[in-house]
Amino acid sequence: MSTTVKEDAALRRAPELGGQPPAKRRRTVSERNRPLWMLTPGALLIGLIIVVPLILGIYIAMLQLDQYTIRKWISAPFVGLKNFVEAFTSTDLVHAFGNSIGFSLIATVITVPIGIYAALATQNAYRGRSLVRSMFLIPYVLPSFVVGSFWRTMLQHDGIVNKVLTAFGLPAGQWLTGPASFWVLILVEVWAAWPFIYLMALSGLQSVDPEVHEAAAIDGALWWTKLRYVIFPYLRGPVALACLIATLHHMNNFSLAFLLFGVPAPFDVQILPTLVYSMSFTSLRFGMGAAMALISLLLIAIPLYFYLKAVRLDTGADAGGKK
């Protein structure tokens, strides 16, 4: 037992013994701030990985940094907020943001019921359940490079998809250009992302107490009643968290769109990550690209804040902010 703990114990017992409480030793600065010192490694890591690049990105966004000034980027012309204004008025930023929001929400809405149904289908034990669970995880464990290349090959004009359609007397389509490309991106994203919802829902189902199932069976609850009033309350937290993570992943998924459509991407499937990449590394306007990246961060943070406030994943607080 440390000296400080002994002194605190003696201080509490002094009135009972009829004596004067001993003088309490004042703790040193090191003892008072010991928990903060323990956070130092993590704070340094966050500063190096997040804070420093963010500050550097803000500085670059206020420069006229392009292929002509990149060699002396520290002394590049300072333009202030000009890049931000031009990003909104003279680029496809608003269109790309709309595409990103629509693509993310539609993909999440489709993957959630698929993942929950797959989790319910593999919850109870039966012959071959391990094989089914392994097969469900195949789209999720495949690298994005493999998924994008695989689907791009199949959706080419002379790919297997058009050959199958032609064999059944249906017209072939241009799947990687035009309006159809947006729905192709959603299709491929759903195919690759639904196992994540499945894993989160399955983890929620594993937390259901077996006694709850037994009580529902004894009461004669029908399958829909049991699903609604027994199963779904346990899935509310994991599925809400899965929706949040999945939506952010869809919105920031650069590799899949890049592999399917390349850069610059078709106008109908232009999303925020591909637009920022194209502006920075195709047009070589690094200042404009940094401004777009910061705008994208703010645009994503706004709905994220309200979503977190609605589902209350971070705390169990009520609307007044108190637990």
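Each residue is numbered by its place in its chain's sequence as written, counting from 1. Selection of residues for local features in this predicted model requires a pLDDT of at least 70, selection of side-chain atom pairs for listing and counting requires 80 or more, and totals for whole chains, interfaces and linings are taken over all residues. The side-chain values count all of the structure's non-hydrogen atoms but skip hydrogen atoms and water molecules.

Next up on the list: the overall build of the protein chain. A helix here means a DSSP run of H or I that spans at least four residues, while a strand means a run of E at least two residues long, and both kinds are numbered starting from the N terminus. Of regular secondary structure, the protein chain possesses 16 helices and 0 strands. Three exposure classes are used, based on accessible area relative to the maximum for each residue type with a 1.4 Å probe and protein chains only: buried under 20%, partly exposed in between, and exposed over 50%. Sorting the 323 residues of the protein chain into buried and exposed places 34% on the buried side. A separation threshold of at least 6 residues defines the contact pool for the protein chain, and within that pool the share at least 24 residues apart is 66%. Residues count as neighbours in contact if any of their non-hydrogen atoms are within 4.5 Å of one another.

With that settled, consider the side chain of T122. Residue position: T122 is located in the loop between α6 (93–121) and α7 (129–136). Two N or O atoms form a polar contact when they lie within 3.5 Å of each other; inside protein one atom must be a possible hydrogen donor and the other a possible acceptor, and for residues adjacent in sequence the pair counts only when both atoms belong to side chains. Among the polar contacts listed, one links the side chain of T122 to the side chain of Y198, at a separation of 3.3 Å. Beyond its immediate sequence surroundings of up to four residues, T122 is in contact with R129, V132, R133, F136, Y198 and L202.

Our next topic: the packing of aromatic side chains. In this analysis, rings of Phe, Tyr and Trp, with Trp reduced to its six-membered ring, are considered paired at centre separations within 6.5 Å, and the interplanar angle assigns stacked below 30 degrees, edge-to-face beyond 60, and tilted for intermediate values. Tallying each qualifying case throughout the model produces 12 aromatic pairs. Ring centres of F136 and Y198 lie 5.5 Å apart, and the angle between their planes is 85°; on these two criteria the pair is classed as edge-to-face. Taken together, the residues F136 in helix α7 and Y198 in helix α11 (residues 180–206) connect sequence positions 62 residues apart. The class for F136 is partly exposed, based on a relative accessible area of 22%. The exposure class assigned to Y198 is buried, which follows from its relative accessible area of 1%. Centre to centre, the rings of F182 and W183 are 5.4 Å apart; their planes meet at 85°, and the pair counts as edge-to-face. Feature note: the residues F254, F258, Y277, F281 and F286 constitute an aromatic cluster, connected by ring pairs.

Bringing unusual backbone geometry into the picture now. Of note, the amide linkage connecting V263 to P264 takes the cis form, showing an omega dihedral of -5°. Inspection of the secondary structure puts P264 in the loop between α14 (254–261) and α15 (272–281). Positive phi, close to 60°, is recorded for L284, a residue that is not glycine. Here L284 lies in the loop between α15 and α16 (286–311). When its relative accessible area of 30% is taken as the criterion, L284 is described as partly exposed.

A few words on the side chain of S181. In this fold, S181 is placed in helix α11. Look past the residues within four positions of S181 in its chain and what remains in contact with it is W175, L176, F261, P266, D268 and V269.

Here, expected helix span is obtained from the residue count minus one, scaled by 1.5 Å. Compared with an ideal rise of 1.5 Å per residue, which puts 27 residues at 39 Å, α11 spans 39 Å between its outermost C-alpha atoms and is within 8% of the ideal. Most pronounced at A192, the bend in α11 amounts to some 40°, and the proline P195 follows within four residues. Buried residues dominate α11, accounting for 20 of its 27 residues. Note that bend, as reported per residue, equals the angle between axes fitted to the 7 residues terminating at that residue and the 7 residues originating from it.

A few words now on a nonpolar patch on the surface. Taken together, the side chains of L131, M135, I138, Y140, V141, L142, F145, V146 and L199 present a nonpolar region at the surface, about 850 Å² in accessible area. Sort the elements by how many residues they give to the nonpolar patch and helix α8 (residues 138–141) lands first, with 3 residues. Mapping V141 onto the fold places it in helix α8. Accessibility expressed as a relative area gives 60% for V141, which makes it exposed. Residues forming no salt bridge and having over 30% relative accessible area are the ones grouped into patches, like charges within 9 Å of each other and nonpolar side chains (Val, Leu, Ile, Met, Phe, Trp, Tyr) within 5 Å. A 1.4 Å probe and the Shrake-Rupley method give the accessible areas. Residues count as covered only by the protein chains that appear here. Salt bridge criterion: a side-chain nitrogen from Lys or Arg within 4 Å of a carboxyl oxygen from Asp or Glu.

Looking at the protein chain as a whole, the pLDDT averages 82, with 83% of positions reaching at least 70. Here residues 313–323 is a poorly scored stretch, pLDDT under 50, and it has 12 contacts once near neighbours within four places are set aside; other chains count. The predictor's confidence in any single residue is recorded as pLDDT, a number from 0 to 100.

Moving on, we get to the packing of α11 against α14. Relative orientation of the contacting elements α11 and α14 amounts to 130°, with a least axis distance of 11 Å. When the axis of α11 is compared with that of α14, the two are oblique. In the packing of α11 onto α14, the handedness of the crossing is right-handed. In this structure, α11 uses S181, V184, L185, V188 and E189 to contact α14, whose residues at the interface are L256, A257, L260 and F261. Three categories are distinguished: nonpolar for Ala, Val, Leu, Ile, Met, Phe, Trp, Tyr, Cys and Pro, charged for Asp, Glu, Lys and Arg, and polar for the others, with Gly belonging to the last. A breakdown of the residues in the contact of α11 with α14 according to their chemical character gives 7 nonpolar, 1 polar and 1 charged. Angular values range over 0 to 180 degrees, each being the angle between N-to-C directions of two axes fitted as lines to C-alpha atoms, with helices fitted over their stretch in contact. Oblique is the label for every angle not falling under 35 degrees (roughly parallel), over 145 degrees (roughly antiparallel), or within 65 to 115 degrees (roughly perpendicular). Left-handed describes a crossing whose near helix is turned anticlockwise from the far helix through less than a right angle; right-handed describes the clockwise counterpart.

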